[in-house]
Amino acid sequence: MNKMNSEDFLHLLNNDPTELVRKAGIKRERKHGKQITFSRNIFVPVTHQCRNRCGYCSFVSDDSNSWIFPDAFDQLLLIAKNNNCKEVLLTLGEKPEEKYQTAKDILRKLEFQTTIEYVNYLCEQALEFHLLPHSNLGLVSYKELQMLKQTNASLGLMLETSSIRLMNEGEAHHHSPGKNPCLRIETIENAGKLNIPFTTGILIGIGETWMERIESIKVIADLAKKYNHIQEVIIQNFNPQKSTPMANYPPPKEEDILFSIALAKLILPDEVSIQIPPNLNRDRVIAAINHGANDLGGISPVSIDYINPNLVWQEELDLSEELHQAGFSLVERLPVYPQYEKYLNTRIREIVEEFKANEEVSTSKD
Ligand code: SF4
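Now for a look at the structure at hand. Once a new chain begins, its residue numbering starts again from 1 and follows that chain's sequence as written. Note on the predicted model: pLDDT of at least 70 is required for a residue's local features to be given, and 80 or more for side-chain atom pairs to be given and counted; whole-chain, interface and lining totals, by contrast, use all residues.

### Digging into the overall build of the protein
Then, number 1: Scanning the protein from terminus to terminus reveals 12 helices and 9 strands.
Then, number 2: In terms of overall dimensions, the protein is globule-like: its C-alpha atoms have a radius of gyration of 19 Å, near the 21 Å expected for 366 residues.
Then, number 3: Its C-alpha atoms give the protein principal-axis dimensions of roughly 60 × 50 × 35 Å.
Then, number 4: A burial count over the protein gives 47% of its 366 residues as buried.
Then, number 5: The contacts in the protein between residues at least 6 apart in sequence include a share of 75% that link residues at least 24 apart. In this description a helix means any DSSP run of H or I spanning at least four residues, a strand means any run of E spanning at least two, and both kinds are numbered starting from the N terminus. For the radius of gyration, the atoms used are the C-alpha atoms, and the globule rule reads 2.2 Å times the number of residues raised to 0.38. Once C-beta atoms are placed from the backbone, each residue is buried if 20 or more other C-beta atoms lie within 10 Å of its own, exposed if 12 or fewer, and partly exposed for counts between those two. Two residues qualify as being in contact provided that their C-beta atoms, derived from the backbone, are within 7 Å of each other.

Dropping the structure here:
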């Protein structure tokens, strides 16, 4: 499988999809058995302001009232703690201070130069509460990654696609300089150089071809093999949302989603988890698992999915029951996978150890 190039994978998809799915299922089962993992988290949208304008995004907003300030953040941390969450997922628009004077003013009042510095401060707060931050900040420089490594259990940046074509006029990323795949690959690569446990993924159905999809997965696979820092790859399906430029764009077909999962499982190294958001795959969670997925990402008992607010997460218990009926078990994990704990500083590792001592989180060594 490792010797196959993109054309070979495309050929397999077009000529023998049954074999593709069979191989992906075997590979998942060999590595993960019947365990399907998730992380219990609180989702914190630090700000909806963003310098980009992706065609499918309903998260972005000009509204400067969308910022979450330290006092409110502390309240959220308390709620998270009281509801047994372990992960604080910080998601926000990219570098809003480059576009909005209001964002600059807010940061100045908070005494930070950049939004990334502010998020780093919030991560410090989360660590004070003995919670594990996982931040998605968009493009981040090497120096910023060095700083964030000290306050985050893991970091995330979706590659989404390696196709520069999608930045052309009329395409999904035309108004999003931060979605330049070369720059995103650079951030993921720098995280690898710094041994930062990392989450990335692809977004399918935003105008890319099958070959571009395969190429995107291969780019991630190459980075994973070179740096051994990518713990999970999300296969996220485009979800058309009202009031966005792509509101009337057709969502990807079910077979596109499932075959993308199978291809990711086959192309990526064994130890990389394939993650699907269960709220985006409500009626096909088991099918996704049978095509190679083994992780359901963050599920929150206390917050909504702010990226896809129209799609609620299934209750943990219901999901667990659904998996049980199909012969799988739902197992909680932390935002850092066991094999990457060695990358963490002492302070964060101690919090990980506390959780392990107190709770039944997945500690199986991959
Ligand atoms: S998807 Fe992310 S980068 Fe694109 S506009 Fe929305 S918040 Fe900004």
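Picking up where we left off.
### Notes on the site of the ligand
Then, number 1: Nearness here is judged by the C-beta atom: place it from the backbone, and if it falls within 6 Å of a molecule or strand, the residue counts as near that partner. Taken together, C50, N52, R53, C54, C57, F59, V60, G93, E94, G138, S176 and G178 make up the full set of residues near the ligand.
Then, number 2: Gly is placed with the polar residues, together with every amino acid not listed as nonpolar (Ala, Val, Leu, Ile, Met, Phe, Trp, Tyr, Cys and Pro) or charged (Asp, Glu, Lys and Arg). The residue inventory of the shell around the ligand, partitioned by class, reads 5 nonpolar, 5 polar and 2 charged.

### Examining the pairing of strand β8 (residues 295–299)
Then, number 1: Most of β8 is tucked away, with 5 of its 5 residues classed as buried.
Then, number 2: As paired strands, strand β1 (residues 35–45) and β8 are joined by 3 bridges and run parallel to one another. Considered in β8, the bridge of T37 is made with D295. Strands were regarded as paired on the criterion that DSSP finds at least two bridges between them.

### Considerations on helix α3 (residues 70–82)
Then, number 1: Between its first and last C-alpha atoms α3 spans 18 Å; for 13 residues at 1.5 Å apiece the expected length is 18 Å, and the two agree.
Then, number 2: Those residues of α3 that are buried lie in contact with β1, β2 (87–91) and α5 (115–128). Here, expected helix span is obtained from the residue count minus one, scaled by 1.5 Å.

### Describing helix α8 (residues 210–227)
Working note: α-helix, 3.6 residues per turn, so residues spaced by three or four point in the same direction.
Then, number 1: Here α8 spans 26 Å end to end across 18 residues, near enough to the 26 Å set by a 1.5 Å rise per residue.
Then, number 2: When α8 is considered as a whole, its buried residues turn out to be R213, I214, S216, I217, I220, L223 and A224.
Then, number 3: In the core, the buried residues of α8 are packed alongside α1 (6–15), α7 (181–193), β5 (198–204), β6 (230–237) and α9 (254–267).
Then, number 4: Note on α8: the residue one or two positions beyond its end, N228, has a positive phi of about 50°.

### Quick look at the packing of α1 against α8
Helix packing for two helices is described by the angle between their axes and how far apart those axes are.
Then, number 1: To get an axis, fit a line to the C-alpha atoms, keeping to the stretch in contact for a helix; angles then go from 0 to 180 degrees between the N-to-C directions. Direction vectors running N to C along α1 and α8 enclose 125°, while the axes themselves pass 10 Å from each other. One way to sum up the angle between α1 and α8 is to call them oblique. The crossing of α1 and α8 is right-handed. In this structure, α1 contributes S6, F9, L10 and L13 to the contact, and α8 contributes W210, M211, I214, E215 and K218.
Then, number 2: Per-class residue counts for the contact of α1 with α8 are 6 nonpolar, 1 polar and 2 charged. Our angle categories are set so that under 35 degrees counts as roughly parallel, over 145 as roughly antiparallel, 65 to 115 as roughly perpendicular, and the remainder as oblique. What makes a crossing left-handed is the near helix being turned counterclockwise from the far one by less than a right angle; a clockwise turn instead makes it right-handed.

### A few points about the nonpolar core
Then, number 1: Think of a nonpolar core as buried Ala, Val, Leu, Ile, Met, Phe, Trp, Tyr and Cys residues chained together by C-beta atoms that fall within 7 Å. In this structure, V88, L90, V119, I261, A262, L263 and A264 are the most contacted members of the largest nonpolar core, which totals 90 residues.
Then, number 2: No other element matches α9, which puts 9 residues into this core.
Then, number 3: With residues up to four places along the chain from it excluded, the contact list for L90 reads V44, V46, V119, L122, C123, P133, S135 and N136.

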